[in-house]
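As a plain string of letters, each chain reads:
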Amino acid sequence: MSKNISKVAVLGSGVMGCAIACHLANCGIPSLMMDIVLPLSEEDKKKGIKKTDPAFRNKLAAGAKEAAIKMKQPMAPLYVTKSADLVQVGNFEDDMEKIAECDWIIEVVKEDIEIKKKVFKQVAKYWKPGTIVTSNTSGLPIKEMGSVMTPEMRKHFFVTHFFNPVRHMKLLELVGGEETDPAIMDDMAEFGERILGKGIVYGKDTPNFVANRIGVFAIMKTVEHMMSMGLRIDEIDAIAGPAMGRPKSAAFRTADLVGLDTFSHVSMSVYNLCPDDEQRATFQVPEWMNKMVANNWLGNKSKQGFYKKGKTPEGKKAYEIVDYNTCEYIPSIKPEFDSIKAAKKVDDVGERVKKLLTGTDKAAEFAWKLVRDVTIYSCNRIPEIADDVVNIDNGMRWGFAWDQGPFETADAVGLKDIVKRIKEDGLAVPEFLDKAAKAGGFYKKVGPKRMYFDAATFSYKEAPKTALKLNTVNLNSRLAGAIDFMTDPASAKISIAGLKEAGMEIAKNAGASIFDMGDGVALLEFHSYKGMNPIDVDIIEMMMKTLEIVKERGFLGVVIGNQGQNFSVGANLLMLLMESRQKNWANVEMASKGLQDANMLLKYAPFPVVTAPFGMVLGGGCEVTMHGDAICAAAETYIGLVEVGVGVIPAGGGCKEYLVRNLEGALDNPNVPSLFPFVRKAFENIAMAKVSMNAYEAIQNNVLRPSDHVTVNKDYLLSDAKQMVLGMVKAGYTPKSPRKDIKLIGYQYYAAFKNAIWTLRQGNYISDHDALITDWVAKILTGGDVPGNAVVDEQHVLDLEREAFVSLCGTEKTQDRMQYMLQNNKPLRN
């Protein structure tokens, strides 16, 4: 980036302002978060509070920061609370001059044009040339907001529209004005993508920009068809969710999350500000929804909206829904549609939607009407809201969590079929849709390149890959098509699908593959069980084979990662249950020993190994992760050893690694009188099946080390891991030797753990079986009956793990727990 952003002023401390400041802190960027000074109330005067008191003057911003600190994971805006130290608070009256110290000023005040102009007038007084100024508006005109700025300031002014919750939602819309300098927006695009972890969508200066314009239309058209077809709210959400490639929150649960007041305001913005929109009437909020807003039935924030939690006559929890005919709550039902049942059997998203549309029931009819109308509307919005199909599709995937955007969905269904059905319905087919259907689709592949159909020229163009363009790099020509670049090789996005298409797959079985990533680095990729990647014999086999291939082909190092739904949710529970029921103890032990051996071989391989976890990283997945030389984790990594929940203990080296990591820095430290507190932390993490809710929390819990790397944008995870391997090689990698200096605290502290477990059992806090499991955990971590300060090697601890694992698998209670997990479709984990 040509512009260095090292400090940010956040003007406004409401939900979005505070969330933006918190996410900047997540990414290591300090900010000054300011808000207005509240008027002094009579109650304040009675308490002796003076308007000059700093605590009172900063009350809004300080209160917002404190509330953010108190929020619970995983929905907290901060990864870890200590990051809040990077958020400084202030107020507009006393601290506005401090914006001159900032590189970026973002306005996040009330969505009122006059209030925003007032704030920008204040900003203009202290604005330093070169400082970026943006608004987080969801659709107010840039030209009008910029009317109070100087021409030079307007060059640096544009919209940066984040989506809530900021930490979790990938979308960042950038919208420039007539006078905005494109180079400055390019800097923000790179900063947003690489530093803040966002996906960039370029929109036009129109109401609701890109994602909200299409997303709100889709929901309001859903309301329209629901009412005309006599369907219920719960029936609609059963249709307009995963069966259509949409999130589980579907339509009305999504609206409850957003807040019906906010949603209604956004919808009416289009109705009031877009008189020429051919679907303008769709955006007019119906009377029954206005009544809900008047009743304060706003959704989750008021604890009732389209849905409300209730109870059955038996006292069990149940949901109620709004009956839009009476505006009263009625019991929710679990709708049954044959077309939905059929669609859910299809894994591929596009094929699933296609299958749904072939149905003959009401669900299929509704789904077709929605796909039809959203496709037509999206076609008609180019170039009004965006220049191409790519920006609209990305906006819907990143901002509304759709599995596919409207154009990607249309391609999957088949454009010729869509055009035919639209004509049969007596509706006009947009010229762009008709031309795309005749050309072969909105997207197509030409060699390694993804092309999109351009609405301006009716021809195919290469789809934009990232914020900036390719720079010169020495790469295999086949591999170049599998990698997207920004300004240097270290900024590349690596696509496993692209590697496969480029012929870079070296070896494969049902559970894993080995790829050539280029530059002498191999990739071990898991791809078992629908992207959940439970560790099984196939994955273990390929972990072993990796060493052979590295030696044969002269690779410098290895990355272990994938691009499935999750890195790995544990182990193959079904196989383990079957072997346990049949008392095949040798096979049960081998399940443990196989993973232990594979992990140890990679840990002590003569080349660097970097693991790249993301999403759910549970049980065996966590154990694989911890055995790398280093870890490159996605920020949103949910990682932990959860085996005790299934009635066993971590037996792939997990107990050993937790023990080693918690003792690091304590062994042979004269200032540490006892190792017990460190062992106790390892015990608590394992015995309580504690899951760290993000990578930074995992560092605090000693699952990751402070030296490990965290990547905020998961798209760059494999690239960053690859660069770590190359960095270790360049620095002169020295293979490690198996540890022979693990100090066990012995029988004295084992007795202390046993006493604590007995106390918990006596108080009925745990069951007999829980006591048995935790006793084994204590024995492994202390060494059991060995004397205090006994020194052992890693294999000694691994042997204890394996003994405990086989013993527990032989109990009826553990087998029953495994059976329960499988019957209730719980994640496959150890």
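For the structure itself, consult the block above.
Just so it is clear, the structure is predicted and the values come from calculations on it, not from any experiment.

Student: Mind showing me how you'd approach the sheet that holds strand E12 (residues 443–446) here?
Tutor: In sheet architecture, strand pairing relies on hydrogen bonds along the backbone and comes in two forms, parallel and antiparallel. Reading across from one edge, E12-E13-E14 is the order of the 3 strands in this open sheet, with antiparallel pairing throughout. Since the sheet does not close on itself, it has two edges, and those belong to E12 and strand E14 (459–462), each with one partner. Within this sheet the neighbouring strands show an average axis-to-axis angle of 40°, counted without direction. Pairing of E12 with strand E13 (residues 449–454) involves 4 bridges; the strand directions are antiparallel. The residue of E13 that forms the bridge with lysine 444 is methionine 451. Of the strands in this sheet, E13 and E14 are in contact with helix H21 (residues 431–439), which crosses E13 at around 140°.

Student: What's the story with the pairing of strand E24 (residues 637–640) in this structure? I'm lost.
Tutor: Successive residues of a regular strand alternate their side chains across the two faces of the sheet. Burial of E24 is two-sided: the residues Thr637 and Ile639 facing one way and the residues Tyr638 and Gly640 facing the other way are all buried. Judged from the 4 bridges that link them, strand E22 (residues 615–618) and E24 form a sheet pairing that is parallel. The residue bridging valine 617 from the neighbouring strand is isoleucine 639, located in E24.

Student: When you look at the pairing of strand E18 (residues 512–518) in this model, what are you seeing that I'm missing?
Tutor: Within E18, 6 of the 7 residues are buried, leaving the element largely enclosed by the surrounding structure. Alignment of strand E17 (residues 505–508) against E18, held across 3 bridges, turns out to be antiparallel. Opposite glutamate 505, over in E18, you have phenylalanine 515 as the bridge partner. Between E17 and E18, which pair antiparallel one after the other, the connecting turn spans 3 residues. Pairing of E18 with strand E19 (residues 521–526), which is carried by 6 bridges, proceeds in the antiparallel orientation. From the neighbouring strand, isoleucine 514 faces E19, where its bridge partner is leucine 524. Taking the residues that link successive antiparallel strands as the turn, the E18-E19 hairpin has 2 residues, and the phi of aspartate 519 there is positive, at about 60°.

Student: Any chance you could explain the pattern of salt bridges here in plain terms?
Tutor: Between side chains of opposite charge, a pair can form when the charged atoms approach closely. Using the criterion set out here, one finds 53 salt bridges in the structure. A salt bridge links lysine 170 to aspartate 715, with the shortest nitrogen-to-oxygen separation between them at 2.6 Å. Residue lysine 170 is located in the loop between strand E6 (157–162) and strand E7 (171–176), and its partner aspartate 715 is located in the loop between strand E25 (709–711) and helix H31 (717–730); the two are separated by 545 residues in the primary sequence. The partner of glutamate 336 in a salt bridge is lysine 341, and the shortest N-O contact between them spans 3.3 Å. What makes glutamate 336 exposed here is its relative accessible area of 53%. Assessed through its relative accessible area of 44%, lysine 341 is described here as partly exposed.

Student: What is the right way to look at the packing of helix H29 (residues 676–687) against helix H33 (residues 768–782) in this model?
Tutor: How two helices sit against one another is set out by the angle between their axes and by the gap between those axes. Running from amino to carboxyl end, H29 crosses H33 at an angle of 145°, the nearest separation of the two axes being 10 Å. Here the hand of the crossing between H29 and H33 comes out right-handed. For the pair H29 and H33, the contacting residues are Val679, Ala682, Phe683, Ile686 and Ala687 in the first and Thr774, Val777, Ala778 and Leu781 in the second. Class assignment of the residues belonging to the contact of H29 with H33 gives a composition of 8 nonpolar, 1 polar and no charged.

Student: Quick question: what am I supposed to make of the packing of aromatic side chains here?
Tutor: The geometry of two aromatic rings is summed up by the distance between their centres and the angle between their planes. Under the counting rule described, the total for this entry stands at 22 aromatic pairs. Residues phenylalanine 676 and tyrosine 749 carry aromatic rings whose centres are separated by 5.0 Å and whose planes lie at 20° to one another, so their mutual orientation is stacked. Taken as a pair, phenylalanine 676 in helix H29 and tyrosine 749 in helix H32 (residues 747–762) lie far apart in primary sequence, 73 residues in all. Grouped by ring-pair contacts, the aromatic residues Phe407, Phe432, Phe442, Phe453, Phe458 and Tyr460 constitute a single cluster. If you follow arginine 280 out to its NZ or CZ, it ends over the ring of tyrosine 271, 3.9 Å from the centre.

Student: Teacher, can you tell me more about helix H16 (residues 349–357) here?
Tutor: Since the α-helix turns once every 3.6 residues, residues separated by three or four places project in the same direction. What H16 keeps buried is the set Val349, Gly350, Arg352, Val353, Leu356 and Leu357. Within H16, the buried residues cover an arc of 160° as seen down the axis, which keeps them to one side. Residues of H16 that are buried sit in contact with helix H15 (338–344), helix H17 (362–380), helix H19 (406–413) and helix H20 (415–424). The opening residue of H16 is aspartate 348, an N-cap whose side-chain oxygen sits 3.2 Å from the backbone nitrogen of glycine 350.

Student: I keep staring at the sheet that holds strand E21 (residues 609–611) and nothing clicks. Help me out?
Tutor: Reading across from one edge, E17-E18-E19-E20-E21-E23-E25 is the order of the 7 strands in this open sheet, with mixed pairing throughout. In this open sheet, the two strands that pair with only one neighbour each are E17 and E25. The sheet shows a mean angle of 20° between the axes of neighbouring strands, taken without regard to direction. Both strand E20 (residues 557–560) and E21 contribute to a ladder of 3 bridges, which runs parallel. If you follow valine 558 over to E21, its bridge partner there is valine 609. Along the sheet face, helix H24 (residues 537–553) touches E17, E18, E19 and E20 and points at about 30° away from the line of E18.

Student: I tried to follow empty space enclosed by the protein on my own but got confused; where do I start?
Tutor: Using a probe with the size of a water molecule, rolled over the atoms, empty space left in the structure can be pinpointed. On inspection of all chains with the given rule, the structure shows 3 cavities of 30 Å³ or more. A volume near 110 Å³ is recorded for the largest cavity. What lines the largest cavity is a set of 13 residues, among which Ile219, Arg246, Ala250, Ala251 and Trp402 lie closest to the centre. It is helix H10 (residues 211–229) that provides the largest number of residues to the lining of the largest cavity, a total of 4 residues. Partitioned by chemical class, the residues of the lining of the largest cavity number 9 nonpolar, 3 polar and 1 charged.

Cut-off values and rules
Positions within a chain are numbered from 1, following the residues in the order the chain's sequence is written. At least 70 in pLDDT is required for a residue's local features to be given in this predicted model, at least 80 for side-chain atom pairs to be given and counted, and no such filter applies to totals for whole chains, interfaces and linings, which use all residues. The basis for every side-chain value is the complete set of heavy atoms in the structure, and neither hydrogens nor water enter the calculation. Here, any two strands with at least 2 DSSP bridges between them count as paired. Only DSSP runs of H or I covering at least 4 residues are called helices, and only runs of E covering at least 2 are called strands; the numbering of each starts at the N terminus. Working convention: axes come from line fits to C-alpha atoms, limited for helices to the stretch in contact. Angles between N-to-C directions cover 0 to 180 degrees. By the convention used here, residues are in contact when the closest approach between their heavy atoms is within 4.5 Å. Relative accessibility thresholds used throughout: buried, under 20% of the residue-type maximum; exposed, over 50%; partly exposed, between the two (1.4 Å probe, protein chains only). By salt bridge we mean one thing: a side-chain nitrogen of Lys or Arg within 4 Å of a carboxyl oxygen of Asp or Glu. The hand of a helix crossing depends on one turn: near helix anticlockwise from the far one by less than a right angle means left-handed, and clockwise means right-handed. Residues are sorted three ways: Asp, Glu, Lys and Arg are charged, Ala, Val, Leu, Ile, Met, Phe, Trp, Tyr, Cys and Pro are nonpolar, and all the rest, Gly among them, are polar. Any Phe, Tyr or Trp ring, taking Trp's six-membered ring, that has another such ring centre within 6.5 Å forms a pair; planes under 30 degrees apart are called stacked, those over 60 apart edge-to-face, and the others tilted. Two conditions define a charge located above a ring, namely a distance within 6 Å from the ring centre to NZ of Lys or CZ of Arg, and an angle within 35 degrees of the ring normal. By construction, the arc corresponds to the directions joining the helix axis to the C-beta atoms. Under this definition, polar contacts are N or O atom pairs within 3.5 Å; protein pairs additionally need one hydrogen-donor-capable and one acceptor-capable atom, and for neighbouring residues in sequence, both atoms have to be side-chain atoms. Both cavities and pockets are sets of points on a 1 Å grid over the protein atoms alone; in a cavity a 1.4 Å probe fits but cannot get out, in a pocket the set is open with protein on both sides within 12 Å along at least five of seven lines, and lining residues sit with an atom within 4 Å of a point. Grid points are joined across faces, edges and corners, and a volume is the space filled by probe spheres set on the points.

Remember that the coordinates give geometry; whether it matters functionally is a separate question.
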